Structure formats: structure tokens, C-alpha cells
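# An overview of the molecular structure
So you can see what is in the structure, the chains are spelled out below.
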Amino acid sequence: MSAPVFREDPTWGEALPDLRAHDVSDIAVDARGQVHLLYRDPSFIVVAAPDGRLDAVVGEGVLGKRPHGIAVTDDGWLVVEEAGHCVRVLDRSGRQTGTFGSGPSNPAFVHPVARDHWKHVAKGYPPFTRPARVAIAPWGDLYVADGYGNCRVHRFSPSGELLSSWGEPGTGPGQMNLPHAVMVDRAGRILVCDRENDRVQIFDRDGTFLEQWTDLQRPQGLAEDRAGLYYVAEGEWRAGNVSARLGPVGPSPARVSVIGRDGTVLDRIAPDGPRNRFAFITGHAIALDARNGDLYVAEVSFSVLRRFPDMKVEDRRAVRKLRRLG
């Protein structure tokens, strides 16, 4: 199976709140093609039409400074609060109707945010210490990647009751160094972006290790299309960086990898990609419109460019839409 071809829609999002002065930490697309963007600090949810028109802004004054993950429910949203160490349940008006998780559970928790906070994880802890993302399984269970100050995936019931957890720090199968994102694929498998180990790990619904994809760099988000192709948003490695699993790495720019059902990389959407050439700032999250295969990539470009002002970037938008051509 060959990888599809994409072209950017350079005008998408121009009608939304300023995408050049905010981070968009996560993004989701619902069955109607509406795009749900999680803005951060100031924090709120933006709902946009497929053509980029603004539909709604909710959650202002409800979310904390560092919301990190979003999932769309039948009644509203689940929002993972990284700094708040919890998952918030919001209705369609943006009102909080519930919450689960508490923390920080890791006694070595570091505040303010440290880039290498995952190095302070001595073992697996209960929920939560700086959790990252949540995925809703077709059978109703919730899976939370926890995250910046932990090394575990937690499985919850639909009502927020903790059912199980798995993961310990390390580089072996089932061990994790910063589980940054979690996704339930069409086969019911649990895919985890094990970011600082430069891999995606795959588990069954109970947390039993199945396999891993290792031809990746700093995977941060996942999406799957109807044909069973996977799209992995990958962050950049800068000169002097060190991977927990690979050792010294970089420099290497951010990119999106297209992966087949067997884990083979079919394409890199990158400056030197064979079929899809494109430059990202840092691919922090990715979502796919299941109706037509279009991709949305969210980038925390505002904070990255503030931290690394030497980056030569002309377009600083925090969301890019890539239209599928075939």
C-alpha cells in the first residue's frame, strides 16, 4: 500500500482566534468533520467548521494554564489538565460537570515545568502527575497517558473509576519514558507514543505488550485512517539532545510519518519527504477527518519559538491542515 499525497491548505484557520500567538496543545475531529482545538494559556476550546469558520469558543475560565489533551464525547469533552493533574469532564457549554484523578502522585514532582521532568520518575505512580492525553475506547473505557511526571497508562471505566494501570520507567517492552499520547485503533489495540524512547508501543486492552514501532523520533500524537494507515506526529531533535533509548541524537526536524498496518514506514511528511514535502515547527498532536482523510497537525509553536528564537520560521501558525489528494 502506498502513502497518500497531501497538500497544505494555507488559509485554513484564518478566521479562528490568533493561531500565531497561542499554543494549540491538542486537536480532535468529530464524525461531522468539526474540528476541536485545545488552546493553552489563556485556555479554552475552539470548535471550527471543516472549512475553518469559527463555530464556538467555550471553557474560558474553566480550564487551567496547561490543558494538554482533548477527546470529544457525546455530551461535550474530556480535557486532560497537565498542571492540574486531573481529567475534566465538560458539557457542550464548556461547564465542568465532573473530574477524576488527583495529584501530583510522584513525590519527585518538579514545578515549574521542566523539559526533562520524566527523568525524575523512579517508578510507576497512581494517577496523576502531569498527564498528557486521553482516548475513549469503543467499549467505553478511558485510557490516559500519564505522562510528563509518570510512566504509566491508566485505564478507567466510563464513570471515571480506575480499573488498572501499567508501565514502569525504562526502555524495555512495556516500560516507558514519557507516554505522551494514547490511541485506540480500529482493531481495539492501545497505541502509546513513548516519546523519549523514540517509539510507539502497542498493547491489548488490558495492557499486555504486543509489539513496538521503533523507526520514529519523539512521537507525540497518533491518528488512523479507514484504510488502516497510521499517522504519527513527531517532534524535533535538536543538536545535543539525548534519547533515553538511542543515546545522543539530532539534529532532526519535526515531521509526520505514515505507517502501514505491519509497522513499516511508508512515507515521511518532512522537508525531504519522497512524496510529501513540508516543514513543521513541532508536531505536538494530529487528528484525521475520517470522511475524506484530511489531516490536522497541532503545533505548540508559540512556546517553542519563544524558547528557541534562533529557529528560522516564516509561518508560525499553531494548526496546519493537509488536504488529502489521493
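Coordinates for the structure precede this section.
Among the nonpolar cores identified, the biggest contains 18 residues, and Trp12, Leu16, Val24, Ile27, Val35, Leu37 and Tyr39 are the most heavily contacted of them. Secondary-structure elements contributing two or more residues to this core are β2 (23-29), β3 (35-40), β4 (44-48), β24 (283-288) and β25 (295-299). When residues no more than four places from it in sequence are discounted, the contact partners of Val35 are Trp12, Ile27, Ala28, Val29, Val46, Val47, Ala48 and Tyr296. Judged by nonpolar contacts, the second largest core, of 17 residues, contains Phe6, Ile286, Leu288 and Leu322.

Okay, the sheet that holds strand β26 (residues 319-324) next. A sheet is described by the order of its strands in space; here four strands give the open sequence β1-β26-β25-β24, paired in antiparallel fashion. Here the strands that pair on one side only, and so sit at the sheet edges, are β1 (6-8) and β24. Strand after strand, the sheet turns through a mean of 25 degrees between neighbouring axes, direction not considered. The pairing of β24 with β25 spans five bridges and is antiparallel. Across the sheet, residue Gly283 finds its bridge partner in β25, namely Glu299.

The next thing to look at is the pattern of salt bridges. Enumeration according to the criterion identifies 26 salt bridges in this entry. Of the charged contacts, one joins Arg155 and Asp141 as a salt bridge, the two residues approaching to 2.7 Å between their closest N and O atoms. Taken as a pair, Arg155 in strand β12 (residues 152-156) and Asp141 in the loop between β10 (131-136) and β11 (142-146) lie far apart in primary sequence, 14 residues in all. A salt bridge links Asp294 to Arg323, with the nearest nitrogen and oxygen atoms 3.7 Å apart. One end of the pair, Asp294, is in the loop between β24 and β25; the other, Arg323, is in strand β26, and 29 residues separate them in sequence. On the basis of relative accessibility, which here comes to 5%, the residue Asp294 falls in the buried class. The exposure class of Arg323 is partly exposed, given its relative accessible area of 34%. Overlapping salt bridges bring together Glu8, Glu299, Arg317 and Arg320 as one network.

We now examine the pairing of strand β19 (residues 230-234). Two faces, one strand: in a regular strand the side chains alternate between the faces of the sheet. Within β19, five of the five residues are buried, which leaves it mostly tucked inside the rest of the structure. Where burial is concerned, the two faces of β19 agree: the one with Tyr230, Val232 and Glu234 and the one with Tyr231 and Ala233 are both buried. Joining the antiparallel neighbours strand β18 (residues 219-224) and β19 is a turn of five residues, in which Gly228 adopts a positive phi near 85 degrees.

Across all of its chains, the model carries zero disulfides by this definition. Just so you know, Cys151 is unpaired, no disulfide at all, and the nearest cysteine sulfur is the one on Cys193, 16 Å from it. Overall, Cys151 belongs to the buried group, its relative accessible area being 1%. Judged by relative accessible area, Cys193 falls into the buried class, the value being 0%.

Criteria and thresholds
- Residues numbered from 1 in each chain as written.
- Predicted model: local features only at pLDDT ≥ 70, side-chain atom pairs only at ≥ 80, totals over all residues.
- Heavy atoms only, no water.
- Core = buried A, V, L, I, M, F, W, Y, C linked by side-chain atoms within 4.5 Å.
- Buried < 20%, exposed > 50% of the residue type's maximum accessible area, 1.4 Å probe, protein only.
- Helix = DSSP H or I, 4+ residues; strand = E, 2+ residues; numbered from the N terminus.
- Contact = heavy atoms within 4.5 Å.
- Pairing = 2+ DSSP bridges.
- Axes fitted to C-alpha atoms, helices over the stretch in contact; angles between N-to-C directions.
- Salt bridge = Lys/Arg side-chain N within 4 Å of Asp/Glu carboxyl O.
- Disulfide = S-S within 2.5 Å.

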